[in-house]
Amino acid sequence: MGKLCKYDVAGHLFEVQLPDSIEAGKYLSAYLPFVTERTDSPLFSLRVEYVDDLKTVDPGIKKECLNDEAPYFWIFDKDGKYNFGFSYSKSRPECILIPSDDFRESVVYIPSSMLESVTDFALSNSMMLLYTFCTSPYETLMVHASVIRHNGGGYMFLGRSGTGKSTHSSLWLRNIDNTYLLNDDNPVIRVEGDEINIYGTPWSGKT
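Throughout what follows, the structure given in this document is the object of discussion.

About the cut-offs
- Residues numbered from 1 in each chain as written.
- Predicted model: local features only at pLDDT ≥ 70, side-chain atom pairs only at ≥ 80, totals over all residues.
- Heavy atoms only, no water.
- Pairing = 2+ DSSP bridges.
- Helix = DSSP H or I, 4+ residues; strand = E, 2+ residues; numbered from the N terminus.
- Axes fitted to C-alpha atoms, helices over the stretch in contact; angles between N-to-C directions.
- Contact = heavy atoms within 4.5 Å.
- Phe/Tyr/Trp six-rings, centres within 6.5 Å; stacked < 30°, edge-to-face > 60°.
- Buried < 20%, exposed > 50% of the residue type's maximum accessible area, 1.4 Å probe, protein only.

## Section: the sheet that holds strand E7 (residues 95-99)
Thinking step 1. Taken together, the eight strands give an open sheet; going across it, the order is E1-E2-E3-E8-E7-E6-E5-E4, and neighbouring strands pair in mixed fashion. Strands at the two margins of the open sheet, each flanked by one partner only, are strand E1 (3-9) and strand E4 (61-66). On average, each strand axis in the sheet is inclined to that of its neighbour by 20°, with strand direction left out of account.
Thinking step 2. Against the sheet, helix H2 (residues 115-135) touches E1, strand E2 (12-18), strand E3 (44-51), strand E5 (72-78), strand E6 (81-87), E7 and strand E8 (105-111), its axis set at about 155° to E3.

## Details of the packing of aromatic side chains
Thinking step 1. According to the stated counting rule, one finds 16 aromatic pairs in the structure shown.
Thinking step 2. Taking the centre distance of 5.2 Å and the plane angle of 40° together, the rings of Tyr155 and Trp172 count as tilted. Taken together, the residues Tyr155 in strand E11 (residues 153-158) and Trp172 in helix H3 (residues 165-175) connect sequence positions 17 residues apart.
Thinking step 3. Using a relative accessible area of 36% as the deciding quantity, one classes Tyr155 as partly exposed.
Thinking step 4. The rings of Tyr7, Phe14, Tyr31, Phe44, Tyr131 and Trp203 are connected pair by pair, giving a single aromatic cluster.

## Observations concerning the environment of Ser170
Thinking step 1. Topologically, Ser170 is positioned in helix H3.
Thinking step 2. With 22 residues separating them in the primary sequence, Ser170 and Ile148 have C-alpha atoms 9.0 Å apart.

## Considerations on unusual backbone geometry
Thinking step 1. The residue after Ala70, namely Pro71, is reached through a cis peptide bond having omega 0°.
Thinking step 2. Positionally, Pro71 belongs in the loop between E4 and E5.
Thinking step 3. Residue Asn151 is not a glycine yet carries a positive backbone phi of 50°.

These results come straight from atomic positions and should not be treated as a statement about function.
Structure follows, in structure tokens:
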């Protein structure tokens, strides 16, 4: 059965099933503030499976390898169904994500030889992708931004990588009282009734 870890991000429940031999706190420490004991049905479930050789996993025909620099995002087509891969190198994927048609049940395959170096990377990228797909029907949007909290409001700084989003947040933190960092990379915006709320997520870059 393995270990089942449940998380709540912006009100959306999802779960991760890890092998018994894997310590959740080691690879999912960024998720600790989002641990939940909710018992309702999750929006999606991700299972981790280690394989001796990633070549035994058939994701289909490679369609694209995206991004100008690491991490790279691979898209495969298997009989009209898309599967995905992630890697630090553009030569080959270092893990493979096989989702169900509705993205509710997925497996991420990781080479046993790369357990220490790839598990955290594979989990974060897989969960972020599944979260984005599965929450989109619920007026939820993940954005690339740095966000600070100040006097009950959220201030989001957007821009391309390297343009100073994090630097701008750090200036607020150093110079404006009652300012706190909410998320430094991938916050979530959710429309809830008449309100638009912004939430922190486990996916916060290097912070």
